[in-house]
Structures are given as C-alpha cells and as structure tokens.
Amino acid sequence: MKILVINAGSSSLKYQLMDPDTQDVLAKGLCERIGIDGRLTHKVPGREDKTFEIAMPTHAEAIASVIDALLSPEYGVIKSASEIDAVGHRVVHGGEAFNGSVLIDEKMMAALEACIPLAPLHNPANITGIKACEAVMGKDVPQVGVFDTAFHQTMPSKAYIYAVPYEFYTDNEVRKYGFHGTSHRYVSARAAAMMGRPIEELKIVTCHLGNGSSLCAVDGGKSVDTTMGFTPLDGVPMGTRCGSVDPSIVEYIVNTKKVDVGEAMNILNKKSGVLGISGVSSDFRDLDAAAAQGNERAQLAIDVFCYQVTKSIGACAAAMGGLDAVVFTAGVGENSADLREKITAPLAFLGVKVDHEKNQVRGKETDISADGAAVRTFLIPTNEELVIAQDTAAIVRGL
Ligand code: AMP
C-alpha cells in the first residue's frame, strides 16, 4: 500500500509517500513559497535531491507539482497516480469533535471548518490542502484527517477545565486541548515496546522538545495531561513562544508598550521564548554556541527552558501518581545530549538517572538510562508521518 502524507501550512506543504507496512519512505519533499512564487524540493532515498522553481499560486498547483515529481520518469517513484491508495493529512485542531483519525467526507469537512476559530492560523491551511488534493486527485482517492489534538481527548475534565467562568467552556469551547498528540502517541508506544511491557501498565512522560515544545503524561497509553493548552502558546518556553505566563502581562504590555492586543499576542508568539530571553536566536544550537562564548542571556534562556521542562516532568509524574519512563523526542530532545542531562539531573529523587556515555547519541532509538535507574529514560525519534500513514491505511482497509 502507498500512502501520501501531507502536512499543509499557509505557504508551505510537506509531503511523504510511504508504505505504512514496511515503513519505507519512497519519496518526500517540501513545497515552499506557495502564493508567492514556488519552490519544490524533492528527495528520494539513495538519490540526489532535486530542487525546482515552479509557479505555485495556490496549494492546488503545489499538490499537482508533487504528483508530477512522484510520477517523473527521471526522479519519480511511481508510474501512475493510481498507485497512491490514499492521502493522510495532518490537521492541527480537531476540537472536541475528533478523538481519533477520520475518513474525510462532507460531514467531516463541515466539522473541520467549524474548528477554524480554534486554530485560525493552522486549520485553514490544512483544509486548503485537503481541498487541493481532492481537486487534483479526484474524489475517489480516500483522504484521512489525523489530528494533533485527538490523542489528548482522553484527558479528564479536571485536567482540561480552566478555572474561569464555566460558560467559557460550554458557550465558547475554552478548555485545554493539547497538541503534538501524534508525536506523544507514537513515542510513548515505542517506549513501551522498547521496555517489552504492555503500555496499559506504564506511566510515561513524553517530552516533545523542538521549535514548539510540549510534554504529555501518558498513563496506560492514554494522555491524561499535557503542557500545551487552549493553543500551542501554553506550557514550557519554546523557540519564540512564551509558554505559560501570567495572563495579566497581556494587559500590562498593551498599556505600557502602547500596542494593541494583537501585537501583544504577536510578541508572545514570535518574539518571546528562548529568543526573547537571549536576544540571540530561537535555535538551541546558536544558544549553545553563544553561551559557550560567555553570553549570559543565552545561558539564562537555556536555564529557564530546562528548569521549566524539569518542573513539567515532575508535574506530569504527579498527575499520574508515578513514573516508569521519560522520553525525549523532536529537534532538541533528539539532538542535544547536554539539555537531556541538564533537564534530568534534578530528577534523581524520582528515580530518573541518565548514563552520561549512553546519552552521547543523536536521532537514534536508545535507552539512555543509568544501570539500575528505577525510571527508564529514552531518546526516541518521533515519526508523525508514519502514524498518519498507518492510521490512513487502517481506515482505508476498513472501508
Ligand atoms: P523541530 O521543531 O522538532 O524540527 O526542532 C527544531 C529545533 O531543534 C531547532 O530550532 C533547534 O533548536 C533544535 N536542534 C536541532 N539540532 C540540534 C542540536 N544538535 N543541538 C541542539 N538543538 C538542536
């Protein structure tokens, strides 16, 4: 079976053609500058990467270029578009309407559109991607939506209700939703497999630390709490996002900096996080380099980030009343041995202990726990595309 996985953003679109059973990636790539001019980077394992400048006024032209690239006699990987059995789409927000992946039909499309106010920056692009695929590939190719929020729909109400007037929830859907669900689901399942134990009996804290970061308390295979909230702005500090702050800061910034609420939110989304603290970069590689040169604010940004992640691991363990494993994933979690060690060092009292030598590893599934540690610590590269392809295949096989 061949599944095309699509992750559509407002001006970019990532794709991957994969076999969900063998887990082979046949080709993958990225369309950028959609609506501006258009560039396609196409990668086939074992072959040279190809980059093309192609006009992409809308997502439909981007999808058409992807199909052309996949079919190309020179650098393609399939002979006919009919070899693509289905398309799986990453969708950021499924609200309370979606607690799992779904086949997209007219009813689902309407439910998806109803979620737009909850994610005005992300869901319209995801919907555009779905419509573009239908326009280019026709209605007969099944399309499946896989939601970042779905895995967290198992959270109990005590975890997702904010202490604000209850009508905010009943009338306006204000609650904690959580994000990165596909990643948390994948790495927690892999951790259980690596431990050789049923996930149903495990309490796992998954740390997705990348440009955006969130942690999840996975109890018995189900999300029972997570650090992101109503939006992906909440939780631990991120590359450019502030994470949890006192909401009164918004009004204070508006009054003292003489900006409107939109600009205040823009600052908290795009000019805060480790970039805001350091004034150097949102990228931890740059922060490490600057801190090594003696830049104190870069060091402070790293310290604040690690401190908040450490505290959140403790909070997740408390939410579950126990801890069997901690998992690190995503750009920072998979690549930075130093940060993994700094984050876990204060958690010895919980039984978390990382082995310095085993931890000198990057992007490879590894048990980095010290011998005899009561809690296992893992590095597990995330693979959201594989989950999307496998969910899509399962739904299509059931049709
Ligand atoms: P992601 O959002 O998962 O793609 O993660 C991207 C982020 O990972 C980058 O912005 C970097 O901050 C971080 N990252 C990637 N490689 C490294 C590395 N070798 N050391 C520290 N951080 C890294």
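Colleague: Break down the packing of helix α7 (residues 248-257) against helix α8 (residues 261-270) for me, with residues and values.
Modeller: Orientation of α7 relative to α8, taken along the N-to-C sense of each, is 120°, at an axis distance of 9 Å. The angle between the axes of α7 and α8 places the two elements in the oblique class. For α7 against α8, the interelement crossing comes out right-handed. Contacts from Val-250, Ile-253 and Val-254 of α7 reach α8 at Val-261, Ala-264, Met-265 and Leu-268. Partitioned by chemical class, the residues of the contact of α7 with α8 number seven nonpolar, no polar and no charged.

Colleague: Hey, could you go over the site of the ligand for me, with residue numbers and the actual values?
Modeller: Near the ligand you find Gly-210, Asn-211, Asp-283, Phe-284, Arg-285, Ala-330, Gly-331, Val-332, Asn-335, Ser-336 and Arg-362, and these make up its full shell. Contact between the ligand and Asn-335: a nitrogen atom at 3.5 Å from a side-chain N or O atom of the residue. Surface burial for the ligand is 76%, taken as the share of its 500 Å² of free accessible area covered by protein chains. When residues of the shell around the ligand are traced back to their parent elements, those giving at least two are α10 (284-292) and α12 (330-335). At four residues, the largest contribution of residues to the shell around the ligand is made by α12.

Colleague: Go over the sheet that holds strand β3 (residues 25-32), please, and point to the residues and values.
Modeller: Read across the sheet, eight strands follow the order β5-β4-β3-β2-β1-β6-β8-β7 without closing on themselves; strand pairing throughout is mixed. Taken across any chain shown, the strands that pair with only one partner, and hence form the sheet edges, are β5 (50-53) and β7 (102-103). Lying on the sheet, helix α14 (residues 384-397) is in contact with β1 (3-8), β2 (13-18), β6 (86-91), β7 and β8 (143-147); it crosses β6 at an angle near 130°.

Colleague: So, the sheet that holds strand β9 (residues 203-209): which residues are in play, and what are the values?
Modeller: The mixed open sheet is built from six strands, whose spatial order is β11-β10-β9-β12-β14-β13. Every interior strand has two partners, whereas the edge strands, β11 (222-226) and β13 (366-367), have only one. Packed on one face of the sheet, helix α11 (residues 296-320) meets β9, β10 (213-219), β11 and β12 (325-329) and runs near 20° to β10.

Colleague: Tell me about the packing of aromatic side chains, and please be specific about residues and values.
Modeller: Scanning all chains against the criterion turns up six aromatic pairs. Seen from their ring centres, Tyr-177 and Phe-230 are 6.2 Å apart, and the 40° between their planes marks the pair as tilted. Within this pair, whereas Tyr-177 is found in the loop between α5 (167-172) and α6 (181-195), its partner Phe-230 is found in the loop between β11 and α7, the two being separated by 53 residues in sequence. Of the residues examined, Tyr-177 reaches a relative accessible area of 1% and is grouped as buried.

Rules of the game
Residues numbered from 1 in each chain as written. Predicted model: local features only at pLDDT ≥ 70, side-chain atom pairs only at ≥ 80, totals over all residues. Heavy atoms only, no water. Axes fitted to C-alpha atoms, helices over the stretch in contact; angles between N-to-C directions. Helix = DSSP H or I, 4+ residues; strand = E, 2+ residues; numbered from the N terminus. Parallel < 35°, antiparallel > 145°, perpendicular 65-115°, else oblique. Left-handed = near helix turned anticlockwise from the far one by under 90°. Contact = heavy atoms within 4.5 Å. Nonpolar A, V, L, I, M, F, W, Y, C, P; charged D, E, K, R; others polar. Near = heavy atom within 4 Å. Polar contact = N/O pair within 3.5 Å; in protein donor to acceptor, adjacent residues only side chain to side chain. Areas by Shrake-Rupley, 256 points an atom, 1.4 Å probe, with all protein chains shown as cover. Pairing = 2+ DSSP bridges. Phe/Tyr/Trp six-rings, centres within 6.5 Å; stacked < 30°, edge-to-face > 60°. Buried < 20%, exposed > 50% of the residue type's maximum accessible area, 1.4 Å probe, protein only.

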